[in-house]
Amino acid sequence: MISLIKLELKKFKLNGYFLCVIVSNLVMTVLVWMMMLQWSVENTYIHPTYNVAFDLTRSMVNFTFVIFAAILMARIIVGEYVNKTTSVLFTYPIRRQKLLISKLALISLVTFVIIIISNLFINLVLIGLNVKYDFVKEPLTSPIISNQVVEILIHAVLKTMSSWIPLVLGMLRKSPTTTIVSVFIIEFTSISMNNGPTYTVTPAVEMTLAVIGAVGAYWMIYKAEREDIL
Amino acid sequence: MTYVVSTSRLSKNLSGNNILSDVNLHIKKGEIYGLLGLNGAGKTSVMKLLTGLWKPTEGVIELFGERLITGDCKSKKRIGSLIDYPIFYEKLTARENLELHCAYMGYHDHRSIDEALALVGLTVEGAKTVKSYSLGMKQRLGLARAILTRPELLLLDEPINGLDPVGLKNMRNLISALSKEYGMTVFLTSHLLRELELIANTIGVIREGKLIREVAMENIQRDWTEYIELVTKDVVKAVSILSNKLEMCNFKLINESTIRIYDLSLPQPEKIVRTLILNGVDIGEIRRKNQTLEDYFLNLLQGSGNT
């Protein structure tokens with residue numbers, strides 16, 4: 001499996017992807033910081049606490065990297081069908097299931113890790129900035145931190161799983177465009193059902209999406225083994 | 001007789017269309033088997049079924065004596081294939097593509113990459129990305145990939161498409177050499193009879209999804225190729241002498257001055273000449289000819305032959 005993942009990395013160079021990750025992390029840091037500053041100055045109904053800051057970061061990071069995941073899936077999985085390279089790939093003495101699972105594992109692992117690292121990075125920068133700008137007035141206690149760590153982990157898992165839905169939809173029609181369009185539709189719909197100003201998605205919605213994603217991915221991989229490669 | 005490839009009642013139905021029906025294919029070890037058919041007859045479909053890219057609607061495929069089952073990959077290690085349009089990871093170089101192929105096939109002798117590139121004459125271009133390749137070059141690179149791991153069975157779908165005359169000749173030589181030196185079994189398709197005739201040991205004819213004939217070239221050459229062509233101004237008289245005095249019946253009037261005699265077993269050509277001249281028939285020309293198999297196969301392909 002690991003050697004298959006390495007081969008995928010050889011085929012699809014991800015340098016550009018990682019560059020985009022860095023840039024979007026910087027952009028998101030600035031956005032969250034600006035919003036927090038705004039809220040602390042304007043005296044709106046939102047009280048700028050650490051939890052608000054971290055929630056805001058998390059929902060932004062999740063939103064961004066689920067879309068990134070869809071782009072990777074459109075390229076690495078659906079793209080192989082569209083470019084017809086599957087007609088070579090599937091003549092190798094490796095089961096289609098295994099090939100697809102290793103592709104999915106690569107993308108999901110990258111997405112999961114990037115979501116966590118980005119959360120950590122942005123939150124640490126915010127904590128650092130707060131020392132100077134003091135937009136959060138409360139002290140940073142260990143319950144806040146441990147609570148956030150748990151939240152970040154759980155949501156990273158759920159988000160990674162729900163990122164499989166656009167893939168399944170794209171695979172139905174063998175169309176990368178479907179994958180990209182559907183990820184935007186799903187993300188904007190779930191944000192519209194949000195929990196207040198930090199745009200965190202309701203847990204029920206997030207969990208449902210994750211389950212749909214998991215079932216869809218299983219069905220897609222099962223089906224791929226029996227499919228004709230046109 | 002053990003076959004490297006054999007199918008029985010192999011059928012494929014795609015969205016209501018019968019693409020293949022009841023194909024019984026038999027490919028012996030070490031032979032070069034040519035599948036001949038017009039465009040759309042189902043040649044590529046057979047290839048896709050053999051490589052497992054398509055699943056049969058009905059029927060059984062046996063490769064190396066074992067039944068091919070969905071998800072079973074053992075036999076794939078022993079097969080090299082070039083099917084349809086040659087497809088590569090276009091952003092990678094030719095060499096990188098071949099390295100990937102080796103890695104996926106679990107073949108770790110990397111010297112074979114240089115050898116394969118040299119065999120198809122792409123040593124210099126190996127470092128270029130495949131994107132910049134012409135169709136002919138891709139076709140050759142596809143062949144390099146197919147033979148890279150020294151497979152026991154080589155499946156080539158229209159390998160001569162897009163090749164220039166020199167490339168064509170090289171391809172022919174290469175296929176024969178692979179068959180002779182490595183004992184590879186080669187299964188190739190074409191719509192060009194001449195090309196198959198030059199290299200194949202056995203030819204299968206496929207028409208509208210049905211395999212209508214499998215013939216060994218040796219037999220067919222013995223049965224069909226020899227005849228005597230006679231050119232004379234007095235055809236009517238010649239015909240009557242042939243049938244009455246020489247008691248021949250297997251001959252054919254080609255045009256008003258030419259007769260072809262297929263019945264070669266009975267009288268010797270000298271006897272035919274002597275009898276005709278003694279009976280006052282002037283002979284313009286007489287010669288023994290090897291017919292290309294065109295007529296025979298054209299009949300089969302177009303459906304006017306007896307099937």
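Quick caveat, the model's predicted, so the values are computed rather than measured. (Residues numbered from 1 in each chain as written. Chains lettered and ligands numbered in written order. Predicted model: local features only at pLDDT ≥ 70, side-chain atom pairs only at ≥ 80, totals over all residues. Heavy atoms only, no water.)

### Let's talk about the overall build of chain A
Basically, it comes down to this: Strands here are runs of E lasting at least two residues and helices are runs of H or I lasting at least four, both read from the DSSP assignment and numbered beginning at the N terminus. Every radius of gyration here is taken over C-alpha atoms, with the globule rule written as 2.2 Å times N^0.38, N being the number of residues. Exposure classes here rest on a 1.4 Å probe applied to the protein chains alone. A residue is buried below 20% of its type maximum, exposed above 50%, and partly exposed in between.
Looking only at helices and strands, chain A features nine helices and zero strands. N-terminal to C-terminal, the α/β element order of chain A is α-α-α-α-α-α-α-α-α. At 19 Å, chain A has a C-alpha radius of gyration in line with the 17 Å of a compact globule built from 230 residues. For chain A, the spread of C-alpha atoms along the principal axes amounts to about 60 × 30 × 30 Å. Expressed as a percentage of its 230 residues, the buried residues of chain A come to 53%.

### Digging into the UniProt feature "transmembrane region" (unreviewed entry) in chain A
Residues and elements named next belong to chain A. Going by this rule: UniProt positions are given in the numbering used here, feature names are shortened, and annotations may be inferred rather than shown by experiment.
The sites that carry the UniProt feature "transmembrane region" (unreviewed entry) are, in the present numbering, residues 16-41, 61-83, 104-129 and 199-221. The span residues 16-41 shows a helical share of 100% and a strand share of 0%, and its end C-alpha atoms are spaced 38 Å apart. Here residues 199-221 runs as 83% helix and 0% strand, with 33 Å between its end C-alpha atoms.

### Some details on the interface of chain B and chain A
Under the convention used in this document: The contact definition used throughout considers only heavy atoms, calling two residues in contact when any of these lie within 4.5 Å. A simple way to read buried area is as the amount of 1.4 Å-probe accessible surface that goes missing from two parts once joined, with both sides added. Salt bridges are defined as contacts in which a side-chain nitrogen from Lys or Arg sits within 4 Å of a carboxyl oxygen from Asp or Glu.
Listed as interface residues are 26 residues of chain B and, on the opposing side, 28 residues of chain A. Regarding the contact of chain B and chain A, the summed buried area is about 2300 Å², with carbon and sulfur atoms giving 64% of it. Linking chain B with chain A are one salt bridge, by the criterion used here. The closest approach of N and O atoms between Lys12(B) and Asp228(A), which form a salt bridge, is 2.5 Å.

### Focus: the sheet that holds strand S10 (residues 202-207) of chain B
Residues and elements named next belong to chain B. To keep it simple, the criterion reads: At least two bridges found by DSSP between two strands is the condition for calling them paired. Axis definition: a line fit to C-alpha positions, over the contact stretch in the case of helices; interaxial angles, taken between N-to-C directions, run 0 to 180 degrees.
Sheet architecture is open: six strands sit in the order S7-S8-S9-S4-S10-S11, paired in mixed fashion. Each of the sheet's edge strands pairs with one partner strand only, and the pair in question is strand S7 (79-82) and strand S11 (210-216). Across this sheet, the average inter-strand angle for adjacent strands is 15°, counted without regard to direction. Pairing of S7 with strand S8 (residues 153-157), which is carried by four bridges, proceeds in the parallel orientation. Within the sheet, the bridge partner assigned to Leu82 lies in S8 and is Leu156.

### Points about the pairing of strand S4 (residues 32-37) of chain B
Residue and element names in this part refer to chain B. With six of six residues buried, S4 is to be regarded as a mostly interior element. Covered by surrounding structure in S4 are Ile32, Gly34 and Leu36 together with Tyr33, Leu35 and Gly37, the residues of both alternating faces. In terms of strand pairing, S4 meets strand S9 (residues 185-190) through five bridges, oriented parallel. The partner of Leu36 across the bridge, within S9, is Ser190. For S4 and S10, the ladder comprises five bridges, and the chain directions are parallel. Note that in S10 the partner of Gly34 across the bridge is Ile203.

### Describing the nonpolar core
For the record, the criterion: Among the buried residues, those of types Ala, Val, Leu, Ile, Met, Phe, Trp, Tyr and Cys that are joined through side-chain atoms within 4.5 Å form a nonpolar core.
In terms of nonpolar packing, the biggest core is built from 91 residues, with Ile77(A), Leu25(B), Tyr104(B) and Phe187(B) touching the most fellow members. In terms of residues, this core owes the most to one element, helix H3 (residues 50-82) of chain A, which gives 16 residues. Contact partners of Phe187(B), with chain neighbours within four places excluded, come to Leu25(B), Ile27(B), Tyr33(B), Leu35(B), Val46(B), Met47(B), Leu50(B), Leu154(B), Leu155(B) and Leu156(B). Ile32(B), Leu122(B), Met184(B) and Ile199(B) belong to the second largest nonpolar core, which has 47 residues in total.

### What to know about the packing of aromatic side chains
Residue and element names in this part refer to chain A. Stated precisely, the cut-off is as follows: For Phe, Tyr and Trp, where Trp contributes only its six-membered ring, two rings pair if their centres lie within 6.5 Å, and the inter-plane angle classes them as stacked under 30 degrees, edge-to-face over 60, or tilted in between.
Here the structure, examined in full by the defined rule, presents 11 aromatic pairs over all chains. Look at Tyr17 and Phe68: their rings are 5.7 Å apart centre to centre, the planes differ by 65°, and that puts the pair in the edge-to-face class. Here Tyr17, found in helix H2 (residues 15-42), pairs with Phe68, found in helix H3; they are 51 residues apart in sequence, far enough to count as distant. In terms of burial, Tyr17 and Phe68 fall into one category: buried.

### So, the environment of Glu181(B)
Within the element layout of this structure, Glu181(B) appears in helix H5 (residues 165-182). For Glu181(B) and Leu276(B), which are 95 residues apart along the polypeptide, the C-alpha to C-alpha distance reads 51 Å.

### Points about the pattern of salt bridges
Residues and elements named next belong to chain B. Going through the model one piece at a time under the given rule, you end up with 24 salt bridges over all chains. For Asp22, the salt bridge is made with Arg9, and the minimal N-O distance between the two is 3.4 Å. Pair noted here: Asp22 is in strand S2 (residues 17-23) and Arg9 is in strand S1 (residues 3-14), with a separation of 13 residues, a long-range link. Here Asp109 and Arg111 are joined by a salt bridge, their closest N and O atoms 3.3 Å apart. A residue is classified by how much of its surface remains accessible, and Arg111, at 60% relative accessible area, is exposed.

### Brief notes about unusual backbone geometry
Residue and element names in this part refer to chain B. The backbone of Asp22 sits at a positive phi, close to 50°, despite the residue not being glycine. Its identity is not glycine, yet Glu208 carries a phi of approximately 45°, on the positive side. Residue position: Glu208 is located in the loop between S10 and S11. Overall, Glu208 belongs to the exposed group, its relative accessible area being 65%.

### Overview of a nonpolar patch on the surface
For the record, the criterion: In this scheme, patches are assembled from residues that exceed 30% relative accessible area and form no salt bridge. Like charges are connected within 9 Å, while nonpolar side chains (Val, Leu, Ile, Met, Phe, Trp, Tyr) are connected within 5 Å. The Shrake-Rupley method, run with a 1.4 Å probe sphere, supplies the accessible areas, and residue values consider only the shown protein chains as cover.
Taken together, the side chains of Leu19(A), Val23(A), Val27(A) and Leu31(A) make up a nonpolar region of the molecular surface, amounting to roughly 360 Å² of accessible area. Assignment of secondary structure puts Val23(A) in helix H2.

### A closer look at H2(A)
All names here are of chain A. For clarity, the cut-off: Multiplying one less than the number of residues by 1.5 Å gives the expected span of a helix.
Counted at 1.5 Å a residue, the expected span for H2 with its 28 residues is 40 Å, and the 41 Å between its end C-alpha atoms agrees. Within H2, burial applies to Tyr17, Val21, Ser24, Asn25, Met28, Thr29, Val32, Trp33, Met36 and Trp39. Those residues of H2 that are buried are in contact with H3 and helix H5 (96-133).

### What about the side chain of Thr7(B)?
Residues and elements named next belong to chain B. Note the cut-off: We define a polar contact as two N or O atoms separated by no more than 3.5 Å, with the added condition that, inside protein, one atom must be a possible hydrogen donor and the other a possible acceptor, whereas residues neighbouring each other in sequence contribute only through side-chain atom pairs.
The residue Thr7 is located in strand S1 in this model. A residue is classified by how much of its surface remains accessible, and Thr7, at 3% relative accessible area, is buried. From its side chain, Thr7 meets the backbone oxygen of Val23 in a polar contact 2.8 Å long. A polar atom in the side chain of Thr7 sits 2.9 Å from the backbone nitrogen of Leu25. Sequence-distant contacts of Thr7, that is, excluding residues within four places in its chain, are made with Val23, Asn24, Leu25, Leu50, Val60 and Ile61.

### Re the confidence of the model for chain A
Short version of the rule: pLDDT runs from 0 to 100 and stands for how confident the predictor is about each residue.
Averaged over all residues, the pLDDT of chain A equals 90, while 98% of them reach at least 70. Within chain A, the lowest mean pLDDT, 90, falls on H2(A), and the highest, 94, falls on helix H7 (residues 164-173) of chain A.

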